[in-house]
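Remarks on the overall topology
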Amino acid sequence: MMKTFIKIKLPKFTSNSRVRRASFFIARTLMFIIIMNLWAVVKAANTSYVSSNLVLVINSSGNAVGLTNRLTGVNWITTPTSVYSLSGGNGLTKTVSYTPLTNGEILVTLTLTNSTTTNIFVTPSFPYLAGLNNPGAGYGTLTYCFPQIGDVSRTATGFSGRYYGGDFPMQFMDAYNGSAGGIYVMTHDLSDAFREYEINDVSGSSINFIVAYAGQTVKPGTSWVLTFVIGAHTGDWHAAFNAYRNWVATWYAPLVPRKSWFQDVYNLRELFLYTNTAIGDTPAYNPTTQTYSFSSLLARDQAAFGGDDYVHLFDWSQTPTNGRVGDYNPWAYLGGVAAFSNQVVQMQAANVPVGLYFEGYLLAKISTVGQTYGTNWQLLNSQGVPYTRMGANYYYPCPLVSAWTNYITGACVAAISNCAANGVYIDEFGFGWQYPCYDSDHGHVVPSDQVQLEGAMMRQIRLSLPASTVLYSEERNVDVNSQYQDGSFTYSINQTSTSDNPSRLNLARFALPDYKVFEILSVDTPVGNNPQLYMSVFFNGEGFWLEGPATNTAWFPTNICSLITKEHAILRKYADAFRSTNPIPLVATLNTNIYANMFPGANRTVWTLYNAGSQTVTGQLLTVPYNTNFQYYDAWNGQSLTPQINGTNATLTLSIPPGSAGCVVEEAPPLISISQSGESVILTWSGGTLQQSTNLLTGSGWSAVTGVSPLNLGAPTNSPAFFRVMQ
C-alpha cells in the first residue's frame, strides 16, 4: 500500500498577554486534534494499492476513486466507480481483495460465500468498472482494443459486446490514448464459465469495462471466486496483448504435443466423395463401380494450387439409406474398409494426410442411431422444442448427454482404427452460442453453458484418439478449450471490417501460435476474384481452406490460382519461421498504409507485409534489427535486398501494390566448403539444399543430392563435379 503524508502548519502567536497566550495554545491544540482526526477518517476511508505500474485507490464504500498509470502519471478515474455489480445474491458474503503483482498488475478477487443453509442464485458482473475517464484530446486519440473475431482496435465510440467463445476467444480488453498510455483489464478464468465481455463508450468521454457472467447457484458452505487483473502501459494495445500472452504461458499445456506436420499444412483441401449440387466439384467416388479418383484430383490441385497439403473428406460417411451423419459406418457402400483404407494410404504416400468429418450437433433422422436415440439425446430450445437450425431432417444431440458423447467418441476412434486417417474434425464446434439447451432432464444448468460442454466433449475425444491424430473444429475454440485440439477453421477474415482492421489481422492466431488455423473465406459459394482475401491469409501466416472445383474459373480465376500457388510455396519454404512460438503482430513500419507481422525462427526471420492503401507504395518501408552475418531477401518478388545500414538497424526499400502482400526474409547466406579427410573428400554446407551438376559446360542440369551435411564424397577422382546450395 502507498503511505500518504500531510504537512500541517499552524500560525504563531505574538501577543504578550498571559491569558491570551493560554487561550491561543488551547485553541491551537484543539485545532491540531481536530485536523488529525479528520485526516485519520480520510486515511481510513481511502486505501491505495500500488504496483510498479499502477496506483488503485479504493474508498470505504468499496468504490474505486483513483486509477493512476504510474508510467505516464495519468489518472483514469475521477469519479467513484464500482468494481463489481450483482443481481440477486442476497445472503451471500461479498469480499473483494486487491493484490499488487510483481509484473506491475493488480489482481482483484471477488469471493461470494454462502454461509447459509439454502442455495443462493447470483448473477455477477466482474469487473464492473464504469466511468473510466478519457484523459482527453491533448494526449492523442482514445482507442480501444476489443479483440473479438476479425477485429483488433477501433476509435469509434459505442457499445461492443461479445460472448466468450469463437467470437471472443481471449480474455482481455484495453483502452489507450496516445501519450497518456493505457489501461487494460484481463480476466483470469479457467472455468469456461459463460460470460460476455463488454466495452461501452457512448459519449466518448468515459469508458466502461464490464464482464457479465451468467447466473449461478452458490450452494451452502461454498464460494464462487472470480478474479481479474488491471494493468497499465505506455503506447498502444501491444502491451495488453503481451500481458495476456504471458499469463496464458503460465498455464497453457496442450493435452497432447502439437504436430509440426500439421502446423506446416497450408493448402487444406475439402473434397467430396459424392456429387454436391451446391458446389459442383468432381466427386472422388463412383458408387456404381466402387472406384476412386483421388489421384487425378490431387494432380488437378497440384496444377491449380501447387498441391494439397491435407485432404478433408466432408461426406465420407454418407450412404443413401442412413444419411450423411449419424452412423459413421459406410464401409460396405465404399467397397469395404480395405478399399477405402487403400485410398487413404495412397494419399499419405504422396505426403497428403487425410482427415474425416464428424458432426458435433447433428444426427440424421434416417440413421439407425438417430432413430434409436435421437429423441432422448436432443437439445431443446428456450421454447422447449427441438432445434431445426440446419433443417428438420436432423436431431440435435446435447453434449452433456453422456450416451451421445460416448457414442461419437467411439465412432471417431473406430474410424481412425479402420482406415488410419490422420485427423478428426468436429463440425459446428468452437462458436459456443448456437445451441443452448433448456432440457433440465439432462442435468446441466438451464440454459446450458455450450462452451463448457463442448470443451468437455473435445477433451474426451482428444484423450481417446491416438496422440498422432489431429483434432480440429469449425471455429477457433476459446483459449482454455484450445488445449484439447490441434487447430480449427476460422471465419476471422470473413468477419473483418477493414474500416477497423485494414490488414485483416487475426490477433488470436498470434496469441496461441502453435494452434493451427485455416481461414474459411466463403462457404459453398465462390470467393471469386478477390485476391485481397487470399493476401490477408498469407499476411497472417495462416492456412487456406480450399473448397470448390479447381478448374472452374468462377471459383478459382487463373490469377487466384497463381496467387495461391505463390503464397503456398513461400509459406512451405519458410515453414520453420511461420511455426514461430513468438510471432509479433503489427510491428512498426515506415508508412501508415503498410502493415507488417514478424515471424522469428531459429535460423531466419520472416516479415509478411500488406498494403492497405489505394496506391502502390515504393520506398523505405521497414526498419529491422541489423545482423552483419545475415542477408535480406524479397521473397515475394524473388530478389535480393540491399539494406541501408544505420547503426544497429537495417532499413529496407520495397515496392508493394495496393491490396497486395509482401514478404521479407532475413537469414544467413548459404555456405559450402570442401575438405579432405584421409582418403575421402568431405562436403559441408548449410542454409539450403545441395545440388550437383556433372558438366556445366555442356549444359548438364542440376539435381538434388541425397544426404545430409557433412557428406562423404569418397576418394578424389579426375572427373569434374559442380555443387551449389539453393535456398
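Each remark here, short or long, concerns the structure printed above.
An account of the accompanying structure is given in this report. (Residues numbered from 1 in each chain as written. Predicted model: local features only at pLDDT ≥ 70, side-chain atom pairs only at ≥ 80, totals over all residues. Heavy atoms only, no water.)

Let's shift gears to the pattern of salt bridges. This model, assessed by the stated rule, comprises 15 salt bridges. We note a salt bridge from Glu428 to Arg389, for which the minimum N-O separation is 3.8 Å. Of this pair, Glu428 sits in the loop between β25 (423–427) and α8 (450–464) while Arg389 sits in the loop between α6 (368–377) and β24 (394–395), and the two are 39 residues apart along the sequence. Its relative accessible area of 42% is what places Arg389 among the partly exposed residues. One salt-bridge network, held together by shared partners, links Arg269, Asp281, Arg300 and Asp301. (Salt bridge = Lys/Arg side-chain N within 4 Å of Asp/Glu carboxyl O. Helix = DSSP H or I, 4+ residues; strand = E, 2+ residues; numbered from the N terminus. Buried < 20%, exposed > 50% of the residue type's maximum accessible area, 1.4 Å probe, protein only.)

Turning our attention to the environment of Ser580. Within the secondary structure, Ser580 is located in the loop between α12 (575–578) and β30 (584–587). For the pair Ser580 and Gly601, spaced 21 residues apart in the sequence, the C-alpha separation amounts to 5.5 Å. In contact with Ser580, other than residues within four places in its own chain, are Pro513, Phe599 and Pro600. From its side chain, Ser580 meets the backbone oxygen of Pro600 in a polar contact 2.8 Å long. (Contact = heavy atoms within 4.5 Å. Polar contact = N/O pair within 3.5 Å; in protein donor to acceptor, adjacent residues only side chain to side chain.)

For the pair helix α10 (residues 531–540) and helix α11 (residues 558–573), the least separation of the axes is 10 Å and the interaxial angle reads 5°. As summarised for this structure, α10 and α11 are arranged roughly parallel, according to the angle between their axes. Where α10 approaches α11, its residues Pro531, Tyr534, Met535 and Phe538 are matched on the opposing element by Ile560, Leu563, Ile564, Glu567, Ile570 and Leu571. Split into classes, the residues belonging to the contact of α10 with α11 amount to nine nonpolar, no polar and one charged. (Axes fitted to C-alpha atoms, helices over the stretch in contact; angles between N-to-C directions. Parallel < 35°, antiparallel > 145°, perpendicular 65-115°, else oblique. Nonpolar A, V, L, I, M, F, W, Y, C, P; charged D, E, K, R; others polar.)

As a further point, take the nonpolar core. In terms of nonpolar packing, the biggest core is built from 180 residues, with Leu313, Trp316, Phe340 and Phe358 touching the most fellow members. Once residues lying within four places of it in the same chain are set aside, the contact partners of Leu313 are Leu271, Leu273, Phe294, Phe340, Val354, Gly355, Leu356 and Tyr357. One finds Ala596, Leu622, Leu652 and Leu654 within the second-largest nonpolar core, a separate group that totals 17 residues. (Core = buried A, V, L, I, M, F, W, Y, C linked by side-chain atoms within 4.5 Å.)

The terminal C-alpha atoms of α11 lie 23 Å apart, and with 16 residues this matches the ideal 22 Å at 1.5 Å per residue to within 8%. Looking at α11, one finds that the buried residues are Ile560, Cys561, Leu563, Ile564, Glu567, His568, Ile570 and Leu571. On its buried side, α11 packs onto β18 (267–271), α4 (294–305), α10, β29 (543–546), α12 and β38 (661–667). (Expected span 1.5 Å × (residues − 1).)

On to the side chain of Ser317. Within the secondary structure layout, Ser317 lies in the loop between β21 (310–313) and α5 (337–349). There is a polar contact of 2.5 Å between the side chain of Ser317 and the backbone oxygen of Arg324. Setting aside chain neighbours within four positions, we find Ser317 in contact with Gly323, Arg324, Tyr328 and Pro330.

Under the definition given, this model contains 53 aromatic pairs. Note on Phe578 and Phe599: the rings are 4.9 Å apart at their centroids and 55° apart in plane angle, and the pair reads as tilted. Of this pair, Phe578 sits in helix α12 while Phe599 sits in strand β31 (residues 594–600), placing them 21 residues apart in sequence. Given a relative accessible area of 0%, Phe599 falls into the buried group. (Phe/Tyr/Trp six-rings, centres within 6.5 Å; stacked < 30°, edge-to-face > 60°.)

Bear in mind that shape data such as this cannot, by itself, settle questions of function.
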